[in-house]
Each structure stands twice: as structure tokens, then as C-alpha cells.
Amino acid sequence: MGKKIKEVLSLIKNNKKFLIVSHKNPDGDSIGSEIALALGLRKLGKKVYIYNQDPPSNRYSRFDKAGLIHTDKKEFNEDIIFIVDCAEIDRIGNIKDEINFKKTIINIDHHISNEKFGDINIVKGDYSSTAEIIYELLDKLIDLDKDIATYLYIGILTDTGSFRYPNTTSHSLKVAAELVDYGVITSQVSEFVWFSDPPARIKLLGDVLQRITLHKNFSIMIVTKDMLKKWGAKEEDTEEFVNYGLSIKGIKATAIIKEKDDGMLKVSLRSKNGVSIQELAAEYGGGGHKTAAGFTIRGDLETFKNELEGKLEKIVNKF
Ligand SMILES: [Mn+2]
């Protein structure tokens, strides 16, 4: 067993109150990891509070049946703070100013760019998801059950795009298999995650795909505020759209630029065939992985789209 995991296990044993925090606009991995960890700690009789700046999106809210995730602030007096699935501390959002950084911070993450801001940092860049790491921790701590296994499975399933993305390893498949053996109903999780979209999302997707700009080996998509309005869709409805830009034969990199209310542009990048877009995201102050990264920038959508096309062209032609 790793030294750091041992340290975390003894911190859990020797403390009573735990705060669990993840990133803004939490995804399936952050929510799955947070709830699984909370349920595991509760099995040991610990007090746990999960706080996120933003509530789970429509897609994931149904998984928080017990209402474990809070977005309301309180006095955070927990002994230990877990920060999960965050490469940088700023990703936790507005809670940053309220938590006491003198408390022990345990940073658990799978982003290779993680800034190791914790007192203990368990960062595994070769893991598909934070849930995969939480599994290893909980497996040493408690008897897993169907509920906990389901949350961990959601984390792995969503971060691997149902085991389609290149971060899918034999380890992630082995962990997923173990979890299924605890009774996860895979068809139900798939239905809830992938087959329960609101109609507005599908209409918007049609519009986004119609407008895709295709170059020889890269593509760009855009989502304007007007497009959202036209179809009655929300920003969260655009989750995973970026992958369509990469699903075309011969396309090695793609980007989707989303216009936000506050004058900012949110950009997601994806790549395949050995192309890395991580450095491009970093150039604009963002982060992520080799084949999946992103950043936020202030600017005009059309102007920035032109700039990004120039950069993407250089990158795909380098490989
Ligand atoms: Mn993740």
C-alpha cells in the first residue's frame, strides 16, 4: 500500500468531521467520487459535509437522492478537507475564501497538471477518473456496497465516456468490473446518464452540428447565447457536445467555443491519433489532459475562433 494512502487512512481513523469539495460545474466524476467517499466515511460513523459551488446539473442531480451535496455555505469547522477532481485550487470556486487552509487538506485527483496544493496529494495521472482512486482508498477502509459501487461506477463511466476515451485502461476496466460485482445495475446507470436528455439539448445539438466548421484534419464548433435561447437550452445541455467534433474520420483535434453570459468564452479541446492539445489549453491558462483539456477566456467569439483555428492548424500538422 502506498505511503500516502496509509497516511490518509490514519487521518480518517483519527478524525471525526470531514468536508468534501469538488470543482465548479461538477461532473459525473466529481459527484460520484464525492458521494461515494461520503457514504464510505459515514459507514465508519464519521460526520461528512459535501460542498460544491454549483449544484449538480440536471443529468446528475437525480443521483443525489439523499441530498448529500450542499451549495449553501455554513461555518466550515471540519477537521479534514478532501478536495477531489481539482487540478488547481481555484477550481473549487467561491468556497476558497471560506475554508480554513490551516486544516489538513487531502487532494485526490487524476489530472496530470495537478498543482499538488494539498498537505497530502494523491494524484494519479494515469487513472481515468478520481473515482478510480477513491475506489482504492475505500476498498482498504470499508466493505463496499451496491450504493457506493454505483457512485464510483458513475465516475468511471462518465470520465471515460462509457469506456470510449483513450484514458480507458485495463485498470479502469478491472475496477469497473469489481464495482459491477457489487451489484451496479449498468443498464440503469447508462439510461440515467446517456439516455435521458431533455428535448432542448437534442434540438440545440442539431443546430451546433449544422454549423460545424470542418478543416482538413481539425474541426471547430460554436454555441452562442442566441443558440441557447432559440432552443430553450441551458449551458449544461452542451456537455459532451465537443466529442462530436472528433468523431469524424481524419479529424485529429477539435474545439467547441461556448459564449457565456459574463462576456467570457468557455473552450473545450479534444484530440486523437497522438495529438496533444494540453499545451494549447495551458497557453491560455487552462489545464487538463493530453486528449481532453479546456480554458476560459474573455473575447469576441468570431475573432477568437479565427485565432484558435490558426493554433489548431499548427498543432495537428506537427503530429
Ligand atoms: Mn475527473
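Residues numbered from 1 in each chain as written. Predicted model: local features only at pLDDT ≥ 70, side-chain atom pairs only at ≥ 80, totals over all residues. Heavy atoms only, no water.

Student: A description of the sheet that holds strand S7 (residues 213-214) should follow, citing residues and the corresponding values.
Tutor: Read from one edge of the open sheet, six strands run S7-S8-S9-S10-S12-S11, paired in mixed fashion. At either end of the open sheet lies a strand with only one pairing partner, and these are S7 and strand S11 (287-288). Inspection of the sheet shows strand S10 (residues 264-271) paired to strand S12 (residues 292-298) by seven bridges, in the antiparallel sense. Each residue of the ladder has a partner; that of Val 267, found in S12, is Phe 295. (Pairing = 2+ DSSP bridges. Helix = DSSP H or I, 4+ residues; strand = E, 2+ residues; numbered from the N terminus.)

Student: Account for empty space enclosed by the protein, with residues named and values stated.
Tutor: Taken as a whole and assessed by the stated rule, the structure comprises two cavities of 30 Å³ or more. In this model, the largest cavity occupies a volume close to 130 Å³. Taken together, 13 residues line the largest cavity, and the ones lying closest to its centre are Asn 58, Arg 59, Asp 197, Pro 198 and Asp 237. Listing elements by their share of the lining of the largest cavity, those giving two or more residues are helix H3 (58-61) and helix H7 (186-194). For the lining of the largest cavity, a count of residues per class yields three nonpolar, three polar and seven charged. Every residue lining the second largest cavity is listed: Leu 19, Phe 76, Glu 78, Ile 81, Ile 99, Asn 100 and Lys 103. (1 Å grid on protein atoms, 1.4 Å probe; cavity = no way out; pocket = protein on both sides within 12 Å on 5 of 7 lines; lining within 4 Å. Points joined across faces, edges and corners; volume = space filled by probe spheres on them. Nonpolar A, V, L, I, M, F, W, Y, C, P; charged D, E, K, R; others polar.)

Student: Mind laying out the coordination of the manganese ion, listing which residues take part and the relevant values?
Tutor: Distances from the manganese ion to its protein donors, Asp 29 (OD), Asp 85 (OD), His 110 (NE2) and Asp 159 (OD), fall at 2.2 to 2.3 Å. Donor residues for the manganese ion, ordered by position in the chain, follow D-x55-D-x24-H-x48-D. Of this pair, Asp 29 sits in helix H2 (residues 28-43) while Asp 85 sits in the loop between strand S4 (80-84) and strand S5 (104-109); the two residues are 56 residues apart in sequence, bridging distant segments of the chain. Note on Asp 29: relative accessible area 0%, which makes it buried. (Donors = N, O, S within 2.8 Å, 3.2 Å for Na, K, Ca; no water. Buried < 20%, exposed > 50% of the residue type's maximum accessible area, 1.4 Å probe, protein only.)

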